[in-house]
Amino acid sequence: MISIQDVSKWYGEFQVLRDCTTRVDKGEVVVVCGPSGSGKSTLIKCVNGLEPFQKGEIRIENVSVGDRRTNLPRLRARVGMVFQHFELFPHLTVMQNLTIAQRRVLKRNVRGATDKGLALLEAVGLKAHAQKYPAQLSGGQQQRVAIARALAMDPIAMLFDEPTSALDPEMIKEVLDVMVRLAQDGMTMMVVTHEMGFARRVAHRVIFMDQGRIVEDRPKDDFFKDPGTERAQQFLSKILAH
Amino acid sequence: MPALDWSSIPGALPFLWNGMLVTLSITGVAILVGIVLGTLIATARLSANPIPSSLAALYVNGFRSIPLVMVLLWFYLLVPQLIQALFKNPAADIRLVSAFVAFSLFEASYYAEIIRAGIQSVSRGQVSAGLALGMSRAQTMRLIVLPQAFRRMLPLLLTQAIILFQDTSLVYVIGLSEFFGVAYRTGDRDGTIVELLLFAGAVYFVLCFAASSLVRVLQRKIAL
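Just so it is clear, the structure is predicted and the values come from calculations on it, not from any experiment.

Enquirer: Just to check I follow, could you spell out the pairing of strand E6 (residues 79-82) of chain A for this structure?
Expert: The two faces of the sheet receive side chains in turn, since in a regular strand these alternate between them. Residues and elements named next belong to chain A. Judged by which residues are buried, E6 turns out to be covered on both faces: Val 79 and Met 81 on one side and Gly 80 and Val 82 on the other are all buried. Relative to strand E7 (residues 157-161), E6 is paired through 4 bridges, and the arrangement is parallel. By the bridge assignment, Met 81 is partnered in E7 with Leu 159.

Take a look at the structure:
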């Protein structure tokens, strides 16, 4: 579904990604972890072309993201993305947040877009909040709306960029619950997160990044039982210590 | 100091009213064209492409470096010839049309800077979110960035409109009968210039003060 081949990226002189190669198959859940500054967020933003990269190739269902001739808006409309800071549109109601791209990008009619929006709000437990503005919701609720907004486009895959790291502890669970259900329903997911409990429960593979490199890319059980590199062992012992 | 004689004001009110209509129409046209053109210039200035961005910078810096009176006079000398060349119709009030054009273009340069700051105040994450949903850059600008930017800019845009409203009095240099010009000439004719100018000043004060109170109310509302 998603293949990443020898991707490198520089900010000026500074290299943020070094020859990253991996893939995410249909229905697979891949968790990307690593210390801050390791390039994991940058990598996931390269996948839907929000960040350009200078070398290598990323393909989504055989469409090359880096190719100048690729219609990026069309590609992005098929790949959902959830951001660390939610990025709901503050001037629109929750329902309008869910329908604006359905209507303007997918050209669905008001009725169809609204029905879809309501069904998804119900699925994330926020149907009663459809007419509120994002600022009236808690962080956890906003992030669930953001997930619903991405799902409204009927994506073939979902990208999550640290979806719980801006949340208070008690709100993390409500967001992870939605993500777990999504994974169990067979959604293809690439998730940048430090939530190792989530990785244990639903991930198929775990990727560990350090200094712009993918240093581990293994099935979940192997990764947790016996991380191959010392760097990953250190990282795991630190974040699992408490 | 001689006693003030207000007796000529009632008779002058219809003329003053007509003058106010001219003032308001120049203000209205300049706000409308200024904001539309200013938005285009602001987006050009923020463009990654150096050609539109440097042209827009030239426009803004050019107009902001020239006194308004001079712009008015230039356009007064220039626009009639343009109109005659374009429409061959000298019937239109050349002075009014040239005031419309001069104020619109001049104000656009000020509005462009306000709008540019407003656009930049919307976070990059909002742009990313729009793009990630499959919107084009233009759609993201129109549907996501500009509505938020205008909401934040509203107080500044209104403040600029108040300044513009006062600046329209400068059109006396091209002999147009707007509010201030009418007041001045009526007073000059009747020998009651002090009274007329005091009256005109009071009208400007009341209107502008009311408008800036509105700005303050809006600011408080938007801050919520």
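Enquirer: Is there a simple way to think about the sheet that holds strand E5 (residues 63-64) of chain A in this case?
Expert: Two strands in a sheet stick together by hydrogen bonds in their backbones, pointing the same way (parallel) or opposite ways (antiparallel). Residues and elements named next belong to chain A. Taken in spatial order, the 4 strands line up as E2-E1-E4-E5 in an open sheet, and their pairing is antiparallel. Only two strands of the sheet have a single neighbouring strand rather than two, namely strand E2 (14-24) and E5. Pairing between strand E1 (residues 2-11) and E2: 7 bridges, direction antiparallel. Pairing of Lys 9 across the sheet is with Leu 17, part of E2. Contacts from helix H1 (residues 40-47) reach E1, E2 and strand E4 (55-60), with the element oriented near 120° to E1.

Enquirer: What exactly am I supposed to notice about the pairing of E1(A) here?
Expert: Residue and element names in this part refer to chain A. Hairpin connection between E1 and E2: a loop of 2 residues separates the two successive antiparallel strands, and Gly 12 in this loop has a positive phi of roughly 65°. With 5 bridges connecting them, E1 and E4 associate as antiparallel partners. Bridging from a neighbouring strand, Ile 4 pairs with Ile 58 of E4.

Enquirer: In this structure, what is going on with the pattern of salt bridges? I would like to understand it.
Expert: It is possible for side chains bearing opposite charge to pair when their charged atoms get close. All names here are of chain A. Per the stated rule, a full pass over the model turns up 21 salt bridges over all chains. One salt bridge connects Arg 23 with Asp 25, and the closest N-O pair in it is separated by 2.7 Å. Using a relative accessible area of 44% as the deciding quantity, one classes Arg 23 as partly exposed. Note that Lys 40 and Glu 162 form a salt bridge whose closest N and O atoms lie 3.8 Å from each other. Linking Lys 40 in helix H1 with Glu 162 in the loop between E7 and helix H6 (169-184), this pair joins segments that are 122 residues apart in sequence. Taken individually, Lys 40 and Glu 162 each receive the classification buried, so the pair is uniform in this respect.

What counts, and where the lines are drawn
- Residues numbered from 1 in each chain as written.
- Chains lettered and ligands numbered in written order.
- Predicted model: local features only at pLDDT ≥ 70, side-chain atom pairs only at ≥ 80, totals over all residues.
- Heavy atoms only, no water.
- Buried < 20%, exposed > 50% of the residue type's maximum accessible area, 1.4 Å probe, protein only.
- Helix = DSSP H or I, 4+ residues; strand = E, 2+ residues; numbered from the N terminus.
- Pairing = 2+ DSSP bridges.
- Contact = heavy atoms within 4.5 Å.
- Axes fitted to C-alpha atoms, helices over the stretch in contact; angles between N-to-C directions.
- Salt bridge = Lys/Arg side-chain N within 4 Å of Asp/Glu carboxyl O.

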